[in-house]
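# Per-entry structural report
Chain by chain, the residues run as shown.
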Amino acid sequence: MASFGWKRKIGEKVSKATSQQFEAEAADDTDLGDDDDANWVLAAKRRKEVLLEDCVRKSKELKDEGANLAENRRYREALVKWDEALQLTPEDATLYEMKSQVLMSLHEMFPAVHAAEMAVQRNPRSWDAWQTLGRAQLGLGEIALAIRSFQVSLHIFPMNPEVWKEDLSWARKLQEQQKATKTGSVQALAKGKELAQEPIPDYDFESDEIVAVCAAIAEKEKALSAAKTMVIVSASGTVETVTEQDNCPATPDETLFIRAR
């Protein structure tokens, strides 16, 4: 019958030197794996940077092409170029600001305001974007909003004479005219209401003057009714005006005359 004895653990007979060599080789393999991972991350990062650089370069080319087209008044073609550039660099505030200018030239004010707002959102420190936004708002008749946009533009670049002397000055002038027009309309409406609500004068119909006038009118009517005038046309075509008195004994013979009233 076989007897069971205590079993040694596997590797117990491995020498210390062999164990250290194995651990060193395993550490080298781990370092190689870490290096491969790091190289892969660096390669992907570099590839992304190259792609971004290509997008920026291509976007700048499209931006310049659009600017040349806009200078030649080929606005629709310029918009196409800038839309392509925005697909590559959607955070470029300058592209939106340029689009807004061209849309204003095409009298498309709502899209112009939207493009200028996109430019301001992407670069709130751009005085150009705020100025363009103010001009687009002015084109829509939003004078108060335009004045605020011009003021922000001046706050960013206080020494800009164009915004101060032209844009803001013109907007304030329009605002004064608008206020004057509203004030005149309100005053005219109020005056019309006062006239409509004005009470009828309370005349004294029993005064001596009114009684005298009524008596004079009655006398005149009495005189007119006393003498009646008629136009008589004879059968031969002769026209004669006859004054008929109330005490006239007889009227003209109707066989000889035709009475015309």
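Here the structure is shown first, and the text comes after it.
Here is what the cut-offs are and how they apply
- Residues numbered from 1 in each chain as written.
- Predicted model: local features only at pLDDT ≥ 70, side-chain atom pairs only at ≥ 80, totals over all residues.
- Heavy atoms only, no water.
- Core = buried A, V, L, I, M, F, W, Y, C linked by side-chain atoms within 4.5 Å.
- Buried < 20%, exposed > 50% of the residue type's maximum accessible area, 1.4 Å probe, protein only.
- Helix = DSSP H or I, 4+ residues; strand = E, 2+ residues; numbered from the N terminus.
- Contact = heavy atoms within 4.5 Å.
- Salt bridge = Lys/Arg side-chain N within 4 Å of Asp/Glu carboxyl O.
- Axes fitted to C-alpha atoms, helices over the stretch in contact; angles between N-to-C directions.
- Parallel < 35°, antiparallel > 145°, perpendicular 65-115°, else oblique.
- Left-handed = near helix turned anticlockwise from the far one by under 90°.
- Expected span 1.5 Å × (residues − 1).

### Regarding the nonpolar core
Within the largest apolar cluster, 27 residues are counted, with the highest numbers of intra-cluster contacts made by A70, W82, V102 and L133. Looking at this core, the elements with two or more residues in it are α1 (16-71), α2 (75-88), α3 (93-105), α4 (109-122) and α5 (127-139). Looking at this core, the element that brings in the most residues is α4, giving seven residues. Discounting residues that sit within four places of it in the chain, A70 has contacts with Y75, A78, W82 and V102. L138, I143, F150 and L168 belong to the second largest nonpolar core, which has 10 residues in total.

### Digging into the pattern of salt bridges
A complete count under the given rule lists 11 salt bridges for this structure. K63 is paired through a salt bridge with D92; the nearest N and O atoms lie 3.0 Å apart. Taken as a pair, K63 in helix α1 and D92 in the loop between α2 and α3 lie far apart in primary sequence, 29 residues in all. For K63, a relative accessible area of 19% gives the class buried. Through salt bridges with shared partners, a single network forms among D54, R57 and E61.

### A word on the side chain of T132
The topology assignment puts T132 in helix α5. Take T132: its relative accessible area is 5%, and that puts it in the buried class. If near-sequence neighbours (up to four positions away) are discounted, T132 is found in contact with E97, S100, Q101, M104 and A116.

### Remarks on the packing of α3 against α5
Where α3 meets α5, the closest approach of the two axes is 10 Å, and the angle between their N-to-C directions is 25°. In terms of axis orientation, α3 runs roughly parallel to α5. Of the two possible hands of crossing, α3 and α5 adopt the one that is left-handed. Of the residues in α5, those touching α3 at E97, S100, Q101 and M104 are D128, A129, T132, R135 and A136.

### A short note on helix α6 (residues 143-156)
Between its first and last C-alpha atoms α6 spans 20 Å; for 14 residues at 1.5 Å apiece the expected length is 20 Å, and the two agree. Here α6 has its buried residues at I143, A146, I147, S149, F150, S153, L154 and I156.

### Here's the deal with unusual backbone geometry
Phi is positive for R73, close to 65°, though the residue is something other than glycine. Within the secondary structure, R73 is located in the loop between α1 and α2. In this structure R73 comes out as exposed when scored by relative accessible area, which is 65%. Even without being glycine, H107 reaches a positive phi, approximately 60°. Note on placement: H107 falls in the loop between α3 and α4.

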